[in-house]
Amino acid sequence: VADRLRRDPSGTMTLLDSIGGVSEGFLARLHREAGGGEQPGEEEQQQPGGLLAFASGLVRQNHQLLCELGVGHPKLTQVCEASEAYGLASKLTGA
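Residues numbered from 1 in each chain as written. Predicted model: local features only at pLDDT ≥ 70, side-chain atom pairs only at ≥ 80, totals over all residues. Heavy atoms only, no water.

Given 3.6 residues to a turn, an α-helix orients residues that are three or four positions apart in the same direction. Compared with an ideal rise of 1.5 Å per residue, which puts 20 residues at 28 Å, helix α4 (residues 50-69) spans 29 Å between its outermost C-alpha atoms and is within 8% of the ideal. Here α4 has its buried residues at Phe 54, Ala 55, Ser 56, Leu 58, Asn 62, His 63, Leu 65, Leu 66 and Leu 69. Following α4 by one or two positions, Gly 70 adopts a phi angle in the positive range, close to 100 degrees. (Helix = DSSP H or I, 4+ residues; strand = E, 2+ residues; numbered from the N terminus. Expected span 1.5 Å × (residues − 1). Buried < 20%, exposed > 50% of the residue type's maximum accessible area, 1.4 Å probe, protein only.)

With that settled, the discussion passes to the environment of Ser 18. Considering the arrangement of structural elements, one finds Ser 18 in helix α2 (residues 9-33). In the structure, Ser 18 is positioned 43 residues away from Gln 61 in sequence and 9.5 Å away in space, judged by C-alpha atoms.

Our focus in this paragraph is the environment of Leu 66. Mapped onto the fold, Leu 66 is located in helix α4. The exposure class assigned to Leu 66 is buried, which follows from its relative accessible area of 11%. Expressed as a C-alpha distance, the spacing of Leu 66 and Leu 15, which sit 51 residues apart in the sequence, is 8.2 Å. In this structure Leu 66 touches Ile 19, Val 71, Gly 72, Lys 91 and Thr 93, once residues within four positions along its chain are discounted. (Contact = heavy atoms within 4.5 Å.)

To continue, consider the environment of Glu 81. Following the sequence through the fold, Glu 81 ends up in helix α5 (residues 74-84). Between the alpha carbons of Glu 81 and Arg 60 there is a distance of 9.9 Å; along the sequence they are 21 residues apart.

Listed below in structure tokens is the structure:
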């Protein structure tokens, strides 16, 4: 990651900010689910599976961002894809 940051500081920071946004999005959703904020938007209400489906989508998104950052590996992506066959989202990195 340090090498990538030296080569492409702006792009790397964008990826890191996106990864942070995934975490912030999950925490905000948990806060709303606990009754500590505004109600979920219409899109979230229509999502089958509720919080679990929302979290699974974020796990998938985060795995993709980590691969783009360069800390993934094709074999780890194969494990994630295999877990999808069982309805499980996973995030693995080689870092």
